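Fold and contact review
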Amino acid sequence: MHIKDKLAQNEAAERIGISFEFFPPKTAQGVQNLYDRMDRMHSLGPSFIDVTWGAGGRLSDLTCEMVNVAQSVYGLETCMHLTCTDMPQERVDAALQAAYKAGCTNILALRGDPPREKEAWEATEGGFRYAKDLVKYIKDKYGNHFCIGVGGYPEGADDNPDVDLLIDHLKEKVDAGSDFIVTQMFYDTDNFISWVQKCRAKGVNVPIIPGIMPIQTYAAFIRRANWTKAHIPPDWLEALEPVKNDDAGVREIGKRLIADMCRRLIASGIKHLHFYTMNLAKSTELVLEELKLSPTAEAPIQRPLPWRPSLGLNRREEDVRPIFWRNRNSSYIARTQIWDEFPNGRWTDSRSPAFGELDVYGIGIKGTNEQNIKLWGEPKSLSDLADVFVRFLEGKLDRLPWSDSPITAETNALKDPLIELNKRGFFTINSQPAVNGVKSAHPVYGWGPKNGFVYQKAYLELLVPAYLIDELIARIEKNEDFTYHAVNKQGELRTNTRDSPNALTWGIFAGREVVQPTIVETVSFLAWKDEAYQLGEDWAKCHDATSPSRKLLQGIVDSWYLVNIVNNDFHNTNDLFDLFKDLNVKDIDVEIAGEPSEPKVHLNGATNGTTNGTASEQLAKN
């Protein structure tokens, strides 16, 4: 959506909009960390984000990549900076085409700063001298596809202190076709309000968005103010000076100062606040909390679908997904990026071409071996492993190999039975409770337009040892409401489905067909199987090849089944867990020098060893 339309939408709803600026990091780890931060800050409800332009070199390519990832993977409406610095026309064309293909429809057109090695700004041969020229070029080439923003300078620019002349130039940029203005950072609220009035008096009538720089540390605050020649009100310096060596104290006072400034801006008629995050989250979050602009449990952001939609060019209409990737959104996007169509309302045949390869960046396990060992420890037995899963369910771990994010509020409804199941050696990697017609505005289960009703079937996905699979399937098949898939690493599939999609989540809304955004489907499950086992193997390979942890994890990957179970009676959740009554996995002792000992089954408090028959025979007897 165009930013000008987002601004109009927020104003009509009498809502103050927010947005965040990020810049391309210099290292690969920095890029991944920023993606994680952007993902988390999505929950704050920004109308859009923007990504700065690293003119002419590697960072400019990274800007294009970040715009694509933000749009496609994280579903963030993104505005791409584009400058004239070191940019001949062919590079401008390439950047605009990359933005177009990413689904980005917003550009912030700037002249840009001179390169570090040059004192004065110089036009590039075959490029553009002024931002207004870049605006006109984009309009001529792409018509109304891009919503174009430009920069505003309430206290003058680096090479031109004449504010009135700069307002004349701003009017020229608006007349050339720009749709909104984002200003340089400032701290003098009175001066900004006066500048806006001057702009309006000269016929600059497009939305003006103030650039807000939160205060992280005293030294950074002074450095950035000096760099941009921003006037600091004397009372701000008086408030910050006594605590300048206390970063926590600076953030606390800075939060109040910035929040007070924002309140005055809002009182003057400003409807949107743009935060220069410096790729950090905390200071911005503190200001939003102070302003009461952060979503709360009582007033969450209304989700359009149960999962976060992509804003990629070819997948904006996608409204159905297999549930298996619910906790690995980026992986799902990466593995389906070559699809030539996406389902709209009903799931279609995903066989040709189905899912991308497993070696695509972002598919494998996150983190380094050292980071993962620090996070998950070195499990040497199933009880050790169960402890890892239980800690995740208790909110003490922020991820597992099969889940990129912490436990959700939805899973809290199942937390106790899930913990009990994991303690008994059945390792759960995805689940949802049954929901019978709650309002679409529900803070946990709600999605879609207001005044609708949403439903979902209870679902459980877990790892089950091979010696228990026959008994578990026998129990499942006794209940006609249950459907399942069970597969091992070798691809041996067992199922009672007819290879047709099974809707797990659906919504009913006035004036619309029934929407079915989450499904279980055999072909997709087999693609997910490959990924799920690869993630387990990646976890095993975090450990030395001769270690007990490596043998334990690899043994599970090699021999256990991945099972999903759906209770098609959407009134009922508990029956899924009743399947596992009196069914326990006996712990496995792992010997460093040899193979794991023979597994045993723990039933009704009794231990049945394999000397008294096979595990399945013992289960049958009981």
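So, a few notes on the structure that sits alongside this text. It should be emphasised that the depicted structure is a prediction, and the values quoted were computed from it without experimental measurement. (Residues numbered from 1 in each chain as written. Predicted model: local features only at pLDDT ≥ 70, side-chain atom pairs only at ≥ 80, totals over all residues. Heavy atoms only, no water.)

**Brief notes about the overall build of the chain**
Along its length, the chain carries 21 helices and 21 strands. Counting all 622 residues of the chain, 54% fall into the buried class. Carbon and sulfur atoms form 48% of the exposed surface of the chain, whose accessible area is close to 27,700 Å². (Helix = DSSP H or I, 4+ residues; strand = E, 2+ residues; numbered from the N terminus. Buried < 20%, exposed > 50% of the residue type's maximum accessible area, 1.4 Å probe, protein only. Areas by Shrake-Rupley, 256 points an atom, 1.4 Å probe, with all protein chains shown as cover.)

**What to know about the nonpolar core**
Leu82, Tyr187, Trp528 and Phe580 are the most contacted members of the largest nonpolar core, which totals 164 residues. Among the domains, domain 1 (3-291) and domain 2 (321-341 + 350-579) are the pair contributing at least three residues each to this core. Membership of the second largest hydrophobic core comes to 6 residues, among which are Trp307, Val454, Phe509 and Val515. (Core = buried A, V, L, I, M, F, W, Y, C linked by side-chain atoms within 4.5 Å. Domains from an automatic or database assignment.)

**Re the sheet that holds strand 10 (residues 427-432)**
Strand pairing in a sheet relies on backbone hydrogen bonds, with the paired strands running either antiparallel or parallel. What the 5 strands build is an open sheet, ordered 10-13-18-14-15; its pairing is antiparallel. Each edge of the open sheet is held by one strand with a lone partner, namely strand 10 and strand 15 (493-495). Going from strand to strand, the sheet's axes swing by 10° on average, the running direction of each strand aside. Pairing between strand 10 and strand 13 (residues 458-464): 5 bridges, direction antiparallel. Of the residues in strand 13, the one forming a bridge with Gln432 is Tyr459. Helix-sheet contacts for helix 18 (residues 522-540) involve strand 10, strand 13, strand 14 (482-487), strand 15 and strand 18 (561-567), and the interaxial angle to strand 18 is about 140°. (Pairing = 2+ DSSP bridges. Axes fitted to C-alpha atoms, helices over the stretch in contact; angles between N-to-C directions. Contact = heavy atoms within 4.5 Å.)

**So, the pattern of salt bridges**
Under the definition given, this model contains 30 salt bridges. As a salt-bridge pair, Lys198 and Asp164 come within 3.8 Å of each other at their nearest N and O atoms. Here Lys198, found in helix 7 (residues 189-201), pairs with Asp164, found in helix 6 (residues 163-175); they are 34 residues apart in sequence, far enough to count as distant. Given a relative accessible area of 37%, Asp164 falls into the partly exposed group. We note a salt bridge from Glu531 to Arg328, for which the minimum N-O separation is 2.9 Å. (Salt bridge = Lys/Arg side-chain N within 4 Å of Asp/Glu carboxyl O.)

**So, the environment of Trp560**
Here Trp560 is to be found in the loop between helix 19 (548-559) and strand 18. Residue classification places Trp560 among the buried residues on the basis of a relative accessible area of 4%. In the structure, Trp560 is positioned 96 residues away from Val464 in sequence and 5.5 Å away in space, judged by C-alpha atoms. Not counting residues up to four positions away in its chain, the partners in contact with Trp560 are Leu382, Gly425, Phe427, Leu463, Val464, Pro465, Ala466, Val487, Asn488, Tyr533, Gly555 and Val585.

**Examining helix 17 (residues 466-477)**
Its 12 residues give helix 17 an end-to-end C-alpha distance of 17 Å, which sits within 8% of 16 Å, the value for a rise of 1.5 Å per residue. Within the span of helix 17, buried status applies to Tyr467, Leu468, Ile469, Glu471, Leu472, Ile473 and Ile476. (Expected span 1.5 Å × (residues − 1).)

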